[in-house]
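Read off the chains here:
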Amino acid sequence: MIDLKKFEVWFITGSQHLYGEETLKLVAEHSQQIAKGMDASGKIPVRIVYKPIVKSTEEIYETLMAANSSENCIGIITWMHTFSPAKMWIRGLSILQKPMLHLHTQFNRDIPWSSIDMDFMNLNQSAHGDREFGFIVSRMRKNRKVVVGHWQDNDVLTQIDAWTRAAAGWHDWQGAKFARFGDNMRFVAVTEGDKVEAELKFGYAVNTYGVGDLVAVINVVSEEAIDALVTEYEATYTMDAALRKGGEKHSSVYEAARIEIGLRTFLENGGFKGFTDTFEDLHGMVQLPGIAAQRLMEAGYGFAGEGDWKTAALVRAFKVMGSGLKGGNAFMEDYTYHFDPDNNLVLGSHMLEIDSSLANGKIALEVHPLGIGGKADPARLVFNVAGGPALNASIIDMGNRFRLLINEVEAVEPQHELPKLPVARVLWKPYPDMKTGCAAWIYAGGAHHTAYSQNLTAEHLQDFADMAGLEFLRIGKDTRLDQFRNEIRWNEAAYK
């Protein structure tokens, strides 16, 4: 599991020297208590770290510059306990490179009706201090999240939790590397994109490696390592006797294990956080990686098929954002429909590579023909995915910008056996309904490949889109197709 506790969010409180040492001492004490309380709440997955209160242009600049250069700092939370004249913030905000959340709160929850006096009023000025700060952030056109409410409220902590998870995903993209084994599936449009612009905008690099580079690593995997991994397969998954050691089809499982070890070694040695492959570029490989991709995703790597590097990177971001939450995140594809007017359903799957972290119930290791690619029958994990709320997300290159599109869905338990479908699969109902959800997706140019999540929400992805400068479109329970199409039109105008 990806450890989010190594990341820090700095809690920075604004004030000014006008109020005198006694008031500033109380501001610092209150700020420390808030940061410590949020850090100890158990509701936020990263560390909340108190930073000394800032009272001047120089202190603000130095603190935000330090945040930029701190390897573990993934963002800042700002709060104006008193009035903090916003011109002091211009220089610091102009160089800030980390995501920002503006917490509009105050130390006390209630007004002390019987004792309130001007000393109390001079100390607890967030109601207008945060408005001053909010103006300058808006004037500078800086993206941020604004959370309003008492700092101990569960709703406030839940919103901060979502934002910190998004910040962790964004931080993980900075300097990340994704390997593209072979190229894009030939003639396919939506999985292509501008890798140079993506690196400029998102901070991660995508480069292509010949399949021969990978095969060279696969071919030197030791017999002992392969045997140990096959033993792990046999202990972990349901397998027919023919696939076990000594069985007539065991060679397929043996080669799959060799590929998994070689692929993992290549990724670890190169410092990659994800990868893509395609069945059209397999020269020198015995079979397409099936179980290898599934298990590497479960270990935290991003993946997508057919050279789809944008989805591979998004799956990795989902893995980071969802770390520690119940449920999984995986590569997915809308595969086929059930158009029963009383029970519309989408069957999501892929040829081989659905992440086993989504599995509900037993997982079978099976070997079957792929039908395309011209290679040996690949090993793969076969299972059903649980019902419950989920979402699909797609990043699309629109030419002048990248768009993040999501569709909230309700996954349902399998209603029939699928004895002849040897792949992992999930059934879902798109919101608001099948016709509206699918039409909206197509109007928005959504891809057939997605990142599928059981534990992230539209709030996580809205926060992430704001940090990444992504256009964000949501298809949910309240979506109306006419309004959604107008939103697309308005966005076209906004991005010109």
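As a starting point, this report considers the structure included with it. (Residues numbered from 1 in each chain as written. Predicted model: local features only at pLDDT ≥ 70, side-chain atom pairs only at ≥ 80, totals over all residues. Heavy atoms only, no water.)

With that settled, consider the sheet that holds strand E5 (residues 145-148). An order of E2-E1-E3-E4-E5 is seen for the five strands of this open sheet, with the pairing classed as parallel. The open sheet is flanked by strand E2 (47-50) and E5, the only strands paired with a single partner. Averaged over all adjacent pairs, the angle separating strand axes in this sheet is 25°, with direction ignored. Judged from the three bridges that link them, strand E3 (residues 73-80) and strand E4 (residues 100-104) form a sheet pairing that is parallel. Following the sheet pairing, Thr78 is matched in E4 by His102. Across the sheet, helix H6 (residues 154-173) touches strand E1 (8-14), E3, E4 and E5, and the angle it forms with E3 is around 145°. (Pairing = 2+ DSSP bridges. Helix = DSSP H or I, 4+ residues; strand = E, 2+ residues; numbered from the N terminus. Axes fitted to C-alpha atoms, helices over the stretch in contact; angles between N-to-C directions. Contact = heavy atoms within 4.5 Å.)

Relative orientation of the contacting elements H6 and helix H14 (residues 458-468) amounts to 45°, with a least axis distance of 8 Å. The angle between H6 and H14 falls in the class oblique. Crossing geometry of H6 relative to H14 is assigned as right-handed. Packed against H6, whose contacting residues are Gln159, Ala162, Trp163, Arg165, Ala166, Ala167, Gly169, Trp170 and Trp173, the element H14 presents Glu459, His460, Asp463, Phe464, Met467 and Ala468 at the interface. (Parallel < 35°, antiparallel > 145°, perpendicular 65-115°, else oblique. Left-handed = near helix turned anticlockwise from the far one by under 90°.)

Let's shift gears to the packing of aromatic side chains. Summed over all chains, the structure comprises 22 aromatic pairs. Between the aromatic rings of Phe181 and Phe266, the centroid separation amounts to 5.1 Å while the plane-to-plane angle is 70°, which identifies the pairing as edge-to-face. Taken as a pair, Phe181 in strand E6 (residues 177-181) and Phe266 in helix H10 (residues 250-270) lie far apart in primary sequence, 85 residues in all. Ring pairs connect the aromatic residues Trp170, Trp173, Phe178, Phe202, Tyr204, Trp309, Phe402 and Phe464, which therefore count as one cluster. Here the basic side chain of Lys51 rests over the ring of Trp10, its NZ or CZ set 4.0 Å away from the ring centre. Above the plane of the ring of Phe272 lies Lys177, whose end atom (NZ or CZ) is 5.2 Å from the centre. (Phe/Tyr/Trp six-rings, centres within 6.5 Å; stacked < 30°, edge-to-face > 60°. Lys NZ or Arg CZ within 6 Å of the ring centre and 35° of its normal.)

Time to look at the nonpolar core. In this structure, Met38, Ile77, Leu103, Tyr204 and Leu404 are the most contacted members of the largest nonpolar core, which totals 85 residues. Excluding residues that lie within four positions of it along the chain, Met38 makes contacts with Phe11, Ile44, Ile48, Ile77, Leu103, Trp151, Leu157 and Ile160. (Core = buried A, V, L, I, M, F, W, Y, C linked by side-chain atoms within 4.5 Å. Buried < 20%, exposed > 50% of the residue type's maximum accessible area, 1.4 Å probe, protein only.)

This part takes up the pairing of strand E17 (residues 449-453). Summarising burial for E17: five of the five residues are buried, a large majority. Neither face of E17 is exposed, since His449, Ala451 and Ser453 on one face and Thr450 and Tyr452 on the opposite face are all buried. Summarising the sheet, strand E10 (residues 329-338) and E17 pair through five bridges and their orientation is antiparallel. Bridging from a neighbouring strand, Asn329 pairs with Ser453 of E17. Pairing geometry for strand E14 (residues 388-397) and E17, over three bridges, is antiparallel. Within E17, the position partnered with Asn392 by the bridge is Tyr452.

Looking along the chain, the bond that leaves Tyr431 and enters Pro432 is cis, with omega of 0°. Inspection of the secondary structure puts Pro432 in the loop between strand E16 (425-430) and helix H13 (434-443). Despite not being glycine, Arg141 shows a phi value in the positive range, around 55°. With respect to the helices and strands, the residue Arg141 is situated in the loop between helix H5 (126-139) and E5. With a phi close to 60°, Glu306 is a non-glycine residue in the positive phi region. Tracing the chain through its elements places Glu306 in the loop between strand E9 (302-305) and helix H12 (309-321).

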